[in-house]
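# Per-entry structural report
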Amino acid sequence: MEQQYENVVVMDHPLIRHKIGYIRRTSTGTRDFRDTISEIAMLICYEATRHLELKEIEIETPICKTRAYELKGRKLCIVPILRAGLGMVDGMLALIPAAKVGHIGLYRDPETLEPVEYYCKIPPDSDQREIFVVDPMLATGGSVSAAITMLKERGCKNIHLLCIIAAPEGIRRMHEAHPDVDIYIGEVDEKLNDHGYIVPGLGDAGDRIFGTK
Ligand code: PRP
Ligand code: URA
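Cut-offs used in this document
- Residues numbered from 1 in each chain as written.
- Chains lettered and ligands numbered in written order.
- Predicted model: local features only at pLDDT ≥ 70, side-chain atom pairs only at ≥ 80, totals over all residues.
- Heavy atoms only, no water.
- Near = heavy atom within 4 Å.
- Polar contact = N/O pair within 3.5 Å; in protein donor to acceptor, adjacent residues only side chain to side chain.
- Areas by Shrake-Rupley, 256 points an atom, 1.4 Å probe, with all protein chains shown as cover.
- 1 Å grid on protein atoms, 1.4 Å probe; cavity = no way out; pocket = protein on both sides within 12 Å on 5 of 7 lines; lining within 4 Å.
- Sits in = over half its atoms within 2 Å of the grid points.
- Nonpolar A, V, L, I, M, F, W, Y, C, P; charged D, E, K, R; others polar.
- Core = buried A, V, L, I, M, F, W, Y, C linked by side-chain atoms within 4.5 Å.
- Buried < 20%, exposed > 50% of the residue type's maximum accessible area, 1.4 Å probe, protein only.
- Helix = DSSP H or I, 4+ residues; strand = E, 2+ residues; numbered from the N terminus.
- Contact = heavy atoms within 4.5 Å.
- Phe/Tyr/Trp six-rings, centres within 6.5 Å; stacked < 30°, edge-to-face > 60°.

### Focus on the site of ligand 2
Residues in contact with ligand 2, as listed here, are Arg108, Met137, Ala139, Gly196, Tyr197, Ile198, Gly203, Asp204 and Ala205. Within the backbone of Ile198, a nitrogen or oxygen atom sits 2.8 Å from an oxygen atom of ligand 2. In this structure, a nitrogen atom belonging to ligand 2 sits 2.8 Å away from a main-chain N or O atom of Gly203. For ligand 2, the accessible surface in isolation is 230 Å², of which the surrounding protein chains cover 88%. Among the cavities detected, the one that contains ligand 2 is the largest pocket. Per-class residue counts for the shell around ligand 2 are five nonpolar, two polar and two charged.

### What about the site of ligand 1?
Neighbouring ligand 1 are 15 residues; Arg108, Asp135, Thr140, Gly141 and Ser143 lie closest to it. Side-chain polar atom of Arg108 to an oxygen atom of ligand 1: 2.7 Å apart, as the coordinates give it. Residue Ser143 places a side-chain N or O atom 2.5 Å away from an oxygen atom belonging to ligand 1. Out of a free accessible area of 500 Å², ligand 1 has 91% covered by protein chains. Most atoms of ligand 1, that is more than half of them, are within 2 Å of grid points of the largest pocket. Looking at the shell around ligand 1, its residues break down into six nonpolar, five polar and four charged.

### A few points about the nonpolar core
Residues Ile44, Met92, Leu162 and Ile164 are the most contacted members of the largest nonpolar core, which totals 33 residues. Here this core gets seven residues from one element, more than from any other, and that element is helix H2 (residues 30–48). Here Ile164 is in contact with Ile20, Ile23, Ile37, Ile40, Ile44, Met88, Asp135, Pro136, Ile185, Gly186 and Glu187, once residues within four sequence places are set aside. Formed by 27 residues, the second largest nonpolar core is a distinct cluster that contains Leu138, Val144, Leu161 and Cys163.

### Quick notes on the packing of aromatic side chains
For any pair of aromatic rings, geometry is given as the distance between the ring centres together with the angle between the planes. Inspection of every chain in the model, using the stated rule, returns one aromatic pair. Here the aromatic rings of Tyr107 and Tyr118 are separated by 6.2 Å at their centres, their planes lie at 35 degrees, and the arrangement is tilted. Here Tyr107 is found in strand E6 (residues 103–108), whereas its partner Tyr118 is found in strand E7 (residues 115–121), with eleven residues between them in sequence. Residue class for Tyr118 comes out partly exposed when judged on its relative accessible area of 45%.

From the geometry alone we can't say anything about function, so treat these as descriptive.
This is the structure in structure tokens:
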């Protein structure tokens, strides 16, 4: 179904698929889970930054002067959705170390499955930055949609979403709420279960990253 949306990019890469297969397993422990989430984030970041503009500059190699390239605008900002989004920050920063980092705190009410906000702190010039929202799980899409609404209320315009596993329901909700936001997804799963968990998914991403269950 993701093919219906031109601004949804599903990673089709053997390394990403291999690593997602690893974190799905119940037998993968906290430390390996956390490390692998970070590696996957780095790989998705590589694709999600493909559009960044370059400028030509002159440099000197040990051999001669030559033309080279550097990023034109360096105003990037990573916004993890707490808690599980934190697991993707280091992998993103490994590729874009100059980025600022904002935080949005949301948890999903277990009964209604609707997001409850508890924190928002983003750089003051976020309205001029290119924003990369990160959350490993796009389930109903409620959390990410609410986070992006919070960012737009603060003037942010240029927003991308990176997630590792998505349900078709979450992609649909995101597209309805924020059709201007492009989405980079590791893999799209089959469906949500009655408790709003992604099937087959990987369970509760926050608990698995932080070892809280
Ligand atoms: C998880 C996940 C997303 C959300 C996805 O967070 O990290 O933020 O659920 O579900 P949704 O698409 O249906 O909103 P959770 O609410 O478990 O909080 P946590 O990261 O603090 O554990
Ligand atoms: N949040 C998670 O961490 N996992 C899911 O499958 C759904 C929401």
